[in-house]
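Each chain, letter by letter, is given below.
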Amino acid sequence: MIAQIAMATGFALILIGLYGALTNHNLLRMIVAFTIADTGVNIVIVAVGYMAGRTAPILDAAVPAAEAAQRIIDPVPQALVLTAIVIGLGITALMLAYAYKLYQKKRTLDIGKLTELKW
Amino acid sequence: MVSAIFILAAALAAAFLLGLLKDEQRGVAYAITLLALAFMTWISADWTWAFAMDGAASVDIFTAGTEPPFAINLRVGLAEAVLTLIISLTALLSALAMKDALLALGRRAMAVLLVATLAFCGIVLTRDIFNLFVFFELAAISTGGLILLSDDERALAAGFKYLIVSQVISILLLIGIIFAYHATGTLNIDGMADAAQSILPGSRQAFMLAFFLMFMALVAELKPFPANGWALDIYESAHPAYSAIFSAAGGAAALYAVDKLLLVGGTAWLPAATGIGVVTFVGANLLALPQTNDRRLLGYSSVAQIGLILTVLGQRDVLGDLTGFVALGLLLAHSVAKAGLYWLSSLVAGRELSAWAALRGHPLMIFAFATFLCLLVGLPPFPGFYAKWELARVLAAEGRIALLALILFGALIEATYLFRWFGYTIKRDKPAEDIACASGNVIAICVAAVTGWVLGYLWGDAANVMLGRGNLLLALPLLFALAFLLLEWLPAWTKNMLAIAGLVGYFALTWGDYDPLRLIFFVIFLIGGAVILLASFHAHGRRVGFYPAAMLMYAGMTMLIEATDTFGFFAAWEILTVGSYFLILRGKHSEPHALSYLVFSLGGAFLILAGFALAASGAPLGVSPRLTFALSELAQVAQPLAPWVFLLLAIGFMTKTAAIGLHIWLPGAHAEAETDVSPMVSGILLKAGLFGLFILLMSMGKQQLYGIELTYVMLWIGAITALLGNLMAIFQEDAKRLLAYSSIGQMGYALFGLALMNHLGWLMALMFVINHYIYKSMLFLSVGGVAKRTGTRAMYQMGGLIALMPLSFIAVLIGIIAMSGVPPLSGFGGRWIFYNAILESEYRLPMVVIFLSGPIAFLYLFRLIHTIFLGQLKDEHRKLKEAPFWIVLPQMIYVVLLLAFAVVPGIALRRVDEYMNQFFPTGGLNWSGLNISSPYGYWDPIAIMIIVGCIFMTLFLWLLFVNRKAQKVKQFNIVFAAERPYRPETTHFAWNFFAPYRKALGFLVQPFVTQFWGAITDTLHTGADIARRFYTGNGQTYAIHLLGFVVAVYLFARGI
């Protein structure tokens, strides 16, 4: 049940994010919208790895290695999410830097005004 | 061997090392960057060598010491090694090319460059799907950084648009990955492919959807048309050296990623790849047509090429083992050429295409430019050519004709805009600003050009080993032609001697190998070529570019005669087309004409390619090994394919002979060419088309399509071509254009003779081959000589040159007597055989048409003598001298030849007549002594010569006798009483000489055909110009395009 809710939330966030990114003309709002979508993706990934009734994939006294396969959830999606978060951070930082530079040069944050290159 | 993981490690280590340096130590940082890239290149090259030469097996690298799926593994095999080589080499050369930008921005920019290279190599090497995602993101981030190396402020916006799209892509990819992982339990690509086989039907649909998302994400990295506006903006605005990486390395990496992913999806996804690929190829090429910015044009071309390779990957099911050969051939050709072109573009200051004229005066750069264009278009001897051939062969064999047609159409458009650009470069005004010859750039360009040729050799070698095709770069004629590239520093006369010696020497060595028919063409191509080359002694200086082009054309024609299988024939055909294009382009005003020549010729060549491919597909089993297809096997092509093969080949060959409807390139191309080039392309090159038709008719004979006799259609085409060609010729004011139109008419005669499909018809066609070579070469030379002296080609501006240029006069006189077919010269022999042939055939109506065109020929031929040599001498021409010696000499040789051929036609024709008995046992001529007879009469050349000579002498003496007291009237014996007219030519009697005929028959020579082709090109251009407005420049719109594209493909795939 939790997994389904998480999954639905994730997809909802992705759609909200994409909608926001494709309808807002302000660069900063677009970037924010993309981070929302990214969060949605991360939630979906985690939800896919979730297994009801199991514990975190940390091998210590509570979960000995021998029983781990039966007791922990799938650790791979969690590892993926970590990587995805880092990469998302990188891209977001780069986009923000771009937005800053663009504002410096053009004095505008409107995506619709950055169209000298076309056709 | 150094482990391939050091390709990644070296880049990473160097990037970290750069971080330790001080910001001022830019030289050191640059050295470290170059060293790291060189090291990566070396490792890749080492592996490539090991796989290609020593046949090593591919190696897996387990990064965490455990096997997948518990750790990421990398794999290096031949494909990976080649791709990492191309990526790191491109990066190394680009680092050289953008030295200034890198030094200006410092170590951070260099570190980003290293990371970008690492990312592209990683995409190639990794076998883990999530790792693939990570490398793609790295590539996106570093691309976002490197775009800023550009001086162009617009690059900022382009970079942001790119980041928007890559966000969308990464969302698609991540969701796809996680669900694919959920369904298969592994992130390893090979493991996923295995697991995908055994997925339960219940979760199959979910897995397919996950795969679809991953597939679309990776396909989006290929910049598919039309969801690629962002990429075009990058291509246009980024630093060209980075665009080189983006196109060559990025394209290669993304393609390989898609290729790996297709392993997971299986064959069910191949049609999707094909569809997206071919739409991209055709669409991007179409939209490239109206581009005026060089870098954006290259961007469109990059997109198109990647699309083509994606198509090839999608044809994996039928290409089988050949997939690698074809796809890698196209990919490497694309990478080398596109990187080279981008590096070249950074030498040129202006961004419009004609600004590339600045390259003129730098032969090495022009050579590199031509090399890159030929690489891209897939002309021999480059890898793309072999790839194109195999692709066409396999597609035709599998019945995928529509796909083949689309590919060839796209390729033709690409060739059009690329060679149009080359024409601008060679012919447009040179901009004031010379090119910026930075050493790093020049090194990069030269390495790329050399690599292109090496690849040509390697692919030829592979084709030779795997498929039993000859390596074109080992063909002696081609090597001889290419050797002239190295001899460009010699003076023209030395090169001319070498060229003549080469032609004659090669003839002497090999002439014994051929049957009489081929021998006649061989003589015309080589010995005939040598005679025309005598006229080239007239040229001074070094004449850079002439000899490689001319010898390329002769090499192509030689190989055409030598060819025994369809591959060799087609390769020769393309070689002679390219050579003659470069040759024609040399004329002063020939830019548009050379282009239209090339487009028609390549269009024709593609039809021939399709025809050959189709023929091979229809060969009955056991008759031929599928790989090679001998020309003689065309005879065994079965119904219902045979008439289609015939149709394609016939139209292909008829583009070269300029049959009506396909003739519009000829007048300009022949008339605007240089003085000694016009006879080459008219007297000799046109015969290549006739040779093709001979080969075609000899093997395939009569064919019926839907009950229509195709040779009968050809007969009509020949007749109408003869009529209209001659009609158009009579209305010309320009002497060389007149001769060019006359060639159209003459080729119509030859086509007619061939299409008669009887013994004498063919003999007559062959007679035309010989005659037309002699008199058209002679006339073009004499008219060219006159034009050289008078400085004009308009006939009404000449007159009375008989006394000043007597030798040219004699040549023209003899030439037109021969051409018009009156006794006693060889033209009469041609007519005689012709009438005999007609009497034998049952076709009456086309016969009437062809009879009509005979007298029309008199009308224009007469003008050559009448307007140029007779009448009043123009005042400004009073001090003219005879044409230069070297231009007159070949004409005199032709005069002797014509007379000799008129007296003893048997030397050439007798053996051919016997040879033709195998095709048409009846209807041959009877050769007894010097007397030739047919069922309808006889022809005694010597008697005719004597009789006509006697009549001529009698009349001539009579004329001298009655005129002995006549007074010479000079021009100013009469009085001019009028003012000087506003347009002097309108009062000249020779201007619009046949105005009454024009009134009566002008409707026949309305430029309908020109209008027709013009309308097609206009429609394509306008359509493309409207369609490209789809790329609004708005980053959000581009993201919507991408999502729309994904949805469209989904619906399409569902529908199928």
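Worth saying up front: this structure is predicted, and the values here are computed from it rather than measured.

**Q** Sorry if this is basic, but what is going on with the environment of Ala719(B) here?
**A** Residues and elements named next belong to chain B. Tracing the backbone through its elements, the reader meets Ala719 in helix H29 (residues 710-730). Placed 520 residues apart in sequence, Ala719 and Ile199 show a C-alpha to C-alpha distance of 67 Å. Apart from residues lying up to four places away in sequence, Ala719 is in contact with Gly748, Phe752, Pro846, Val849 and Ile850.

**Q** Would you take a moment to explain the sheet that holds strand S7 (residues 937-939) of chain B for this structure?
**A** Hydrogen bonds between backbone groups are what pair the strands of a sheet, and the pairing can be parallel or antiparallel. Residues and elements named next belong to chain B. Read across the sheet, 3 strands follow the order S5-S6-S7 without closing on themselves; strand pairing throughout is antiparallel. Each end of this open sheet is capped by a strand with a single partner; those strands are strand S5 (926-928) and S7. In this sheet, adjacent strand axes meet at a mean angle of 25° when their direction is disregarded. In terms of strand pairing, S5 meets strand S6 (residues 931-934) through 3 bridges, oriented antiparallel. Looking at S6, one finds that Ser928 is bridged to Asn931.

**Q** Is there a simple way to explain the nonpolar core in this structure?
**A** Note on soluble globular proteins: their nonpolar side chains tend to be buried together. All names here are of chain B. Ranked by internal contacts, the top residues of the largest apolar core, which has 444 residues, are Ile123, Met214, Ala253, Val258, Ala610 and Leu898. Looking at which element gives the most residues to this core, the answer is helix H7 (residues 155-184), with 22 residues. Contact partners of Val258, with chain neighbours within four places excluded, come to Leu218, Val219, Leu222, Leu310 and Leu313.

**Q** Looking at this model, I keep getting lost on the interface of chain A and chain B. Mind explaining?
**A** The accessible area lost on association of the parts is a frequent measure of interface size. If you look at the interface, chain A gives 31 residues, while chain B gives 35 residues. Contributing elements (two or more residues each) for the side of chain A that touches chain B: helix H1 (2-23), helix H2 (27-49) and helix H4 (75-106) of chain A. In terms of residue count, H4(A) provides more of the side of chain A that touches chain B than any other element does, 14 residues in total. Here the side of chain A that touches chain B is composed, by residue class, of 23 nonpolar, 4 polar and 4 charged.

**Q** Please explain the pairing of S6(B) as it appears in this structure.
**A** Walk down a regular strand and you will see the side chains alternate between the two sheet faces. Residue and element names in this part refer to chain B. Of the two faces of S6, only the one carrying Ile932 and Ser934 is buried; Asn931 and Ser933 on the other face are not. Note: S6 against S7, 3 bridges, orientation antiparallel. Following the sheet pairing, Ser934 is matched in S7 by Gly937. Taking the residues that link successive antiparallel strands as the turn, the S6-S7 hairpin has 2 residues.

**Q** I tried to follow helix H9 (residues 201-221) of chain B on my own but got confused; where do I start?
**A** Each α-helix winds once per 3.6 residues, and so residues spaced three or four apart point in a common direction. Under the 1.5 Å per step criterion, the end-to-end length of H9(B) is 30 Å for 21 residues, consistent within 8% with the ideal 30 Å. Note on H9(B): the residue one or two positions beyond its end, Lys223(B), has a positive phi of about 60°.

**Q** I keep staring at the packing of H7(B) against helix H41 (residues 1035-1055) of chain B and nothing clicks. Help me out?
**A** For any two helices packed against each other, the geometry comes down to the angle between their axes and how far apart the axes lie. All names here are of chain B. Contact pair H7 / H41: the axes reach a minimum separation of 9 Å and the direction vectors enclose 30°. Here H7 lies roughly parallel to H41, going by the angle between them. Handedness of the H7/H41 crossing: right-handed. Along its contact with H7, which presents Phe160, Lys161, Ile164, Val165 and Val168, the element H41 presents Gly1035, Tyr1038, Ala1039, Leu1042 and Leu1043. Looking at the contact of H7 with H41, its residues break down into 8 nonpolar, 1 polar and 1 charged.

**Q** I'm lost on the confidence of the model for chain A in this one. Help?
**A** One rule of thumb: low pLDDT means the predicted coordinates there are not for detailed reading. Of the residues in chain A, 100% have a pLDDT of 70 or more, and the chain-wide mean is 91. Of all the helices and strands in chain A, helix H3 (residues 68-71) of chain A carries the lowest mean pLDDT, 82, while H2(A) carries the highest, 95.

**Q** For this particular structure, what's the right way to read the environment of Ala499(B)?
**A** All names here are of chain B. Topologically, Ala499 is positioned in helix H21 (residues 492-510). Once the C-alpha coordinates of Ala499 and Leu222 are considered, the two residues, 277 residues apart in sequence, prove to be 47 Å apart. Ala499 has contacts with Leu533, Tyr547 and Met551, leaving out every residue within four places of it along the chain.

Each value, and the rule that gives it
- Counting starts from 1 at the beginning of each chain's written sequence and moves along it residue by residue.
- Here the convention is simple: chains get letters from A, ligands get numbers from 1, in the order in which they are written.
- Residue-level local features of this predicted model are given only where pLDDT is at least 70; pairs of side-chain atoms are given and counted only at 80 or more, and the full residue set underlies all totals for whole chains, interfaces and linings.
- For the purposes of this entry, the term helix denotes a DSSP run of H or I that reaches at least four residues, the term strand denotes a run of E that reaches at least two, and both are numbered from the N terminus.
- Contact between two residues is assigned whenever their backbone-derived C-beta positions fall within 7 Å.
- Any two strands with at least two DSSP-identified bridges between them are counted as paired.
- For helices, the fitted axis covers only the stretch in contact; all axes are lines through C-alpha atoms, and the angles between them, taken along N-to-C directions, range from 0 to 180 degrees.
- Joining buried Ala, Val, Leu, Ile, Met, Phe, Trp, Tyr and Cys residues through C-beta atoms within 7 Å gives a set, and that set is a nonpolar core.
- Three exposure classes are used. Buried residues have 20 or more other C-beta atoms within 10 Å of their own C-beta, exposed residues have 12 or fewer, and partly exposed residues fall in between, all C-beta atoms being placed from the backbone.
- Side-chain classes are defined by residue name, with Ala, Val, Leu, Ile, Met, Phe, Trp, Tyr, Cys and Pro counting as nonpolar, Asp, Glu, Lys and Arg as charged, and the others, Gly among them, as polar.
- A helix's residues, less one, multiplied by 1.5 Å, set its expected span.
- When an angle is under 35 degrees it counts as roughly parallel; over 145 it counts as roughly antiparallel; between 65 and 115 it counts as roughly perpendicular; any other value is oblique.
- Crossing handedness follows the turn of the near helix against the far one: under a right angle anticlockwise gives a left-handed crossing, and clockwise gives a right-handed one.
- A residue's pLDDT is the confidence the predictor assigns to it, expressed on a 0 to 100 scale.

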